[in-house]
Structures are given as C-alpha cells and as structure tokens.
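# Coordinates in review
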Amino acid sequence: MDAISVLGQLHDGVFTTAEAMSLGVSRDVLAHGVRDGGLRRLARGLYATGSRPDLPEARHVELCRALLVEYPDAVLAGRSAAVAFGLPTWGVPLGTGLLHRPVDRQVRRSGAVIRDLDPVADVVATTAGPATLPAVAVVGVALDHGSIAGVVTADAALHRGLVCEADLEQEVAQRAGHRRVQQALAMLRLADAKAESPGESRLRVLLRAGGIELEPQYDVRDATGELVGRADFRVAGARVLVEFDGVVKYSNGGVDALVAEKRREDRLRALGWVVVRVTWADLAHPARVLAEVRRAMAVGERLVPAV
C-alpha cells in the first residue's frame, strides 16, 4: 500500500500536507495527484481522495472534517455546525468553514474563518466532528447571514426538535451586545416550528413582510368534516390557500402524486377556496408573489364567507 493510500484512510478520505510530508510525500507529488485527478485540494494544506461530493452541503462537511484534522482543538460553529446537524441553509456561502478555537482574534485562512472559542461552552458530537449546541449554531447563522437565512435554519431546528424557542431566546439574549443582534431578534419573531421546508419558510417570511398574516399547515374540511387536504398556508380571515410548490413534493410519487394533487386542488376550488401556488423561481420576484396573493384575496372576498 503506497503512502497516498495510507493517507486516504487516516481520516476517512481527508488529510493534511503535514501528514503527507511525514510519510515522505512531497508537495510536487501532491500537485501531480491533483492534476491527475486522484487527489482533490480542498484548501491550502488540505486534501481529499475519492470523487467530489455532488451536494454543496456534503462538500462543506468534507472541508470541515479536513479543517478539524488541521485544528484538533477546534469545534464547528455557525453555518458549519448547522450543516453538520443536517439543518438546511439558504443564501449561506458554504465554500468556507466556520470554526471556534482558542485564538486572540478572528483569523481568515484558505477555506475557513476561525473565531475565539468560549472555553465553557457546551460541545456536542456530530458526524462531521465536534460542534457548538444547535441553538448556538442557529443564532450564529442569523448573525452572520441575516434574519431570513436564520429563519430557514431555525424553522428546521424547531420542527425537528433540535431546539425549542426558549433555547433560541436564551442564546439571543446572550448576544445582546452583538452589532447584528437585530437580525437574530427578527429571526426569533419570524421562526415557526410548523414549517416543513426551506421554501415554506422563505414564502412565509416574504408574505409576512408584505403585511399578510398566515395560518400555517391549515386543515381544509368539507361540510361533513372530512379532511380534504392540508395547505401550507391559509391567509388569515380569507378563503385563500397558499402552497409552496417544491419539486421534491412530486418527485418521489411520479405521475400518481401529480394526479392526486390535481384532484385535491379541484376539490379545494369546488369548496370555494382560491389556491395560489408559489415556486422557487417565484420567490426571486417577491413583488409579483405579493401581488398575486393580494389578487387572490380580492377574489376570495367575493366568494362565500370564510369558515
């Protein structure tokens, strides 16, 4: 077994330049391996064997595992901890990892941002390595990347039971002096454990920002009380349902899922509901989405009274 094969098995496919050189593998050999495709350079001094992961989240985890080999005293934080917990991120750059370790000031290096570690903070194990608590990670996403990004991650963490509202409130309170704490406070106001996807989270924030109040995960029943379907949102006080149309919703069920959804929507319309569907592409045009929902609300007012 050659040195490169040994290196590839040290840490499940990742290794450092220092480890390579300790086995007599020169920088020239590493560079040749990258050119030939047998190795991948993750960041300065960090390499991986095997094929490149398809998903950005998987690539981020791989980078984080390599960074933790380089810095064994570090823990994953913010966006990196969120990804390690399997939480979704939106609008968050995943090309660099975020680590906490004992440093005097924030340090930027190839592939990572490194900040001071709270020596008394709790640390939990993940498949990617040690990480801050989920609540710390979620609030970190809001502070670093904004309230909407924070809501997407917070919704999923709340929905999965990784955190509760009190956890987030306590963590935000501890960041009272942070210059971007308003982003975390906005996240607290907007987060909702009922959200079932990042698309729903983003749509809810958009509509609430436009002054439209929503009832999430609304059960629609007919006159006999039979459940017709559950809508992502009902516009409060109106006979308008808003659905986020994610591709995943139908990809697993194929044609049968599409037919079932069509029949469900036909029944909803027959009961006097106006249904608005919003896609990922639509979310890039918030004014259009708001206008469409408001038009639906105007139509709904002319139908039978809301129930």
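Our subject is the structure that appears above.
My aim in this report is to walk through the structure given alongside it, one point at a time. (Residues numbered from 1 in each chain as written. Predicted model: local features only at pLDDT ≥ 70, side-chain atom pairs only at ≥ 80, totals over all residues. Heavy atoms only, no water.)

## A word on helix 10 (residues 198–209)
The criterion, for reference: Secondary structure follows DSSP: runs of H or I at least 4 residues long count as helices, runs of E at least 2 residues long count as strands, and numbering of each begins at the N terminus. A helix is expected to reach a length of 1.5 Å times the quantity of its residues less one. Type-normalised accessible area, obtained with a 1.4 Å probe on protein chains alone, sets the label of each residue: buried when under 20%, exposed when over 50%, and partly exposed for intermediate values.
Over its 12 residues, helix 10 runs 17 Å from end to end, which matches the ideal 16 Å to within 8%, given 1.5 Å per residue. Most of helix 10 sits out of view: nine of its 12 residues are buried. Those residues of helix 10 lying buried are G199, E200, S201, R202, L203, R204, V205, L206 and L207. G211 sits one or two positions beyond helix 10 and adopts a positive phi of about 85 degrees.

## Overview of the sheet that holds strand 11 (residues 227–235)
Basically, it comes down to this: Pairing between two strands is assigned when DSSP locates at least 2 bridges connecting them. Axis definition: a line fitted to C-alpha atoms, limited for helices to the stretch in contact. Angles are taken between N-to-C directions and run from 0 to 180 degrees. Two residues form a contact once any of their heavy atoms are found within 4.5 Å.
Strand order in this open sheet of four strands is 10-11-12-13, and the pairing throughout is mixed. Single-partner strands in this sheet number two, and they are strand 10 (214–221) and strand 13 (274–278). Between one strand axis and the next, the sheet turns by 45 degrees as a mean value, whatever way the strands run. Taken together, the two bridges between strand 11 and strand 12 (residues 240–244) define a ladder with antiparallel strand orientation. Across the sheet, F233 pairs through a bridge with V242, a residue of strand 12. Contacts from helix 10 reach strand 10, strand 11, strand 12 and strand 13 within the one sheet, and its direction differs from that of strand 12 by about 135 degrees.

## Considering the pattern of salt bridges
What counts, and what does not: Salt bridges, as used here, are contacts in which a Lys or Arg side-chain nitrogen is within 4 Å of a carboxyl oxygen on Asp or Glu.
As enumerated under the stated definition, the model contains 12 salt bridges in all. Note that R267 is salt-bridged to D222, the shortest N-O span being 3.7 Å. One end of the pair, R267, is in helix 12 (residues 254–270); the other, D222, is in the loop between strand 10 and strand 11, with 45 residues separating them in the sequence. With its nearest N and O atoms 3.4 Å apart, the salt bridge here joins R277 to D245. Of this pair, R277 sits in strand 13 while D245 is found in the loop between strand 12 and helix 11 (248–251), placing the two residues 32 residues apart along the sequence. Residue R277 shares its accessibility class with D245, and that shared class is buried.

## Some words on the environment of V240
Along the polypeptide, V240 turns up in strand 12. Residues V240 and Q183, 57 residues apart in the sequence, show an inter-C-alpha distance of 30 Å.

## Digging into the side chain of D232
Threshold: Contacts described as polar in this section are N or O atom pairs within 3.5 Å, which, within protein, must combine one atom able to donate a hydrogen with one able to accept it, while residues neighboring in sequence count only if both atoms come from side chains.
Of note, D232 is situated in strand 11. D232 gets classed as buried once you look at its relative accessible area, which sits at 6%. Within the structure, D232 has its side chain in polar contact with the backbone nitrogen of F244 (distance 2.7 Å).

## Quick notes on unusual backbone geometry
Positive phi, close to 55 degrees, is recorded for D12, a residue that is not glycine. Tracing the backbone shows D12 in the loop between helix 1 (3–10) and strand 1 (14–16).

## So, the packing of helix 7 (residues 147–159) against helix 9 (residues 181–190)
Keep this limit in mind: Throughout this description, any angle smaller than 35 degrees is read as roughly parallel, any larger than 145 degrees as roughly antiparallel, any in the 65 to 115 degree range as roughly perpendicular, and the remainder as oblique. Crossing chirality is assigned from the near helix's rotation relative to the far helix, an anticlockwise turn below a right angle marking it left-handed and a clockwise turn marking it right-handed.
At a closest axis distance of 8 Å, the pairing of helix 7 and helix 9 adopts a crossing angle of 45 degrees. It follows from the interaxial angle that helix 7 and helix 9 lie oblique. Helix 7 and helix 9 meet at a crossing whose hand is right-handed. Residues S147, G150, V151 and A154 of helix 7 lie in contact with helix 9, whose contacting residues are Q183, A186, M187 and L190.

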